[in-house]
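Structural features, examined
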Amino acid sequence: MADNKAKSTKPVNKTPPKSPSDPAKDRAAKRLSYDSNSSHEGAMAGELSALEEAFRKFAIHGDTRATGKEMHGKNWSKLCKDCHVIDGKNVTITDVDIVFSKIKGKSSRTITFEQFKEALQELSKKRFKDKSDEEAVQEIYKLIEGKAPIISGVTKAISSPTVSRLTDTSKFTGSHKERFDPSGKGKGKAGREDLVDASGYVSGYKHAGTYDHKVQGSK
């Protein structure tokens, strides 16, 4: 009998039952959490310096997969050219390439923004020799801040006498001449096919279409 009573005895659950959650409150809490995260990210984006904005613009130039967090050597060279860090006297393209190779990791092909600033610090010593280290860095920053990649213009077509002669419809002869009117505009189908002229006038007659006017005038 004692064994049966022991088996039938169940442990008492002392944990209080959970109160049913309010779906509206849960949604509000999630929305507040999302808004706080978004505002934090927006604040971080707003804190970007003009130098870092320029870095990101050049970092993504010509590369649709770039994130703007790293810059490869080609765009580094373009930045130095477009922002006039390279002056051809104190800083040359060779200096820019040497500094890039020195700053980046051995197995890396890109530099981060922090490494970018280190590279600029190296070049500032050569670019602004007559200034102190701090002043030189600030001067080289000014060259880059707020700048964006320069996009080359579309190459203009070069006109030549040969091309002009081939495209001048007033100098066309034979059947080619018949395809254009005196203004140089194409006649379309009328210039490609022999259409029957049912006007009653001889082909090429200068006063075609004047008969009706003369008859009406005589009346």
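Residues numbered from 1 in each chain as written. Predicted model: local features only at pLDDT ≥ 70, side-chain atom pairs only at ≥ 80, totals over all residues. Heavy atoms only, no water.

Looking now at the side chain of Ser 124. Secondary-structure assignment places Ser 124 in helix α6 (residues 113-127). Within the local environment of Ser 124, its side chain forms a polar contact with the backbone oxygen of Gln 121, the two atoms lying 2.7 Å apart. Here Ser 124 is in contact with Ala 136, Val 137 and Ile 140, once residues within four sequence places are set aside. (Helix = DSSP H or I, 4+ residues; strand = E, 2+ residues; numbered from the N terminus. Polar contact = N/O pair within 3.5 Å; in protein donor to acceptor, adjacent residues only side chain to side chain. Contact = heavy atoms within 4.5 Å.)

Take helix α3 (residues 50-59) next. When α3 is considered as a whole, its buried residues turn out to be Leu 51, Glu 52, Ala 54, Phe 55, Phe 58 and Ala 59. The buried side chains of α3 occupy one side of the element, clustering within an arc of 160 degrees when seen end-on. (Buried < 20%, exposed > 50% of the residue type's maximum accessible area, 1.4 Å probe, protein only. Arc of directions from axis to C-beta.)

What follows is about the pattern of salt bridges. If the charged atoms of two oppositely charged side chains come close together, the side chains can form a pair. According to the stated counting rule, one finds six salt bridges in the structure shown. Taking the shortest distance from any N to any O, the salt bridge between Glu 122 and Lys 102 comes out at 3.5 Å. A residue pair is termed long-range when its members are at least 10 positions apart, and Glu 122 in helix α6 and Lys 102 in helix α5 (residues 93-103) qualify at 20 residues. Overall, the relative accessible area of 27% leaves Glu 122 in the partly exposed class. (Salt bridge = Lys/Arg side-chain N within 4 Å of Asp/Glu carboxyl O.)

Now for the confidence of the model for the chain. On average, residues of the chain carry a pLDDT of 76, and 55% of them reach 70 or more. Averaged over each element, pLDDT in the chain is lowest for helix α2 (residues 23-46) (48) and highest for helix α4 (residues 73-82) (96). Predicted confidence is poor over residues 34-46, with pLDDT under 50, and the contacts of this stretch with residues over four places away or in other chains come to zero contacts. (pLDDT = per-residue confidence, 0-100.)

By size, the foremost hydrophobic cluster in this structure holds 29 residues, and its most contacted members are Trp 76, Phe 116, Leu 123 and Ile 144. Among the secondary structure elements, those contributing two or more residues to this core are α3, α4, α5, α6 and α7 (133-144). Those residues in contact with Trp 76 that lie beyond four places of it in its chain are Met 71, Val 96, Phe 100, Ile 111, Phe 116, Ala 119, Leu 120 and Leu 123. (Core = buried A, V, L, I, M, F, W, Y, C linked by side-chain atoms within 4.5 Å.)

Our next topic: the environment of Asp 181. Topologically, Asp 181 is positioned in the loop between α9 (174-177) and α10 (189-192). The spatial distance from the C-alpha of Asp 181 to the C-alpha of Ser 170 is 9.1 Å, given a sequence separation of eleven residues.

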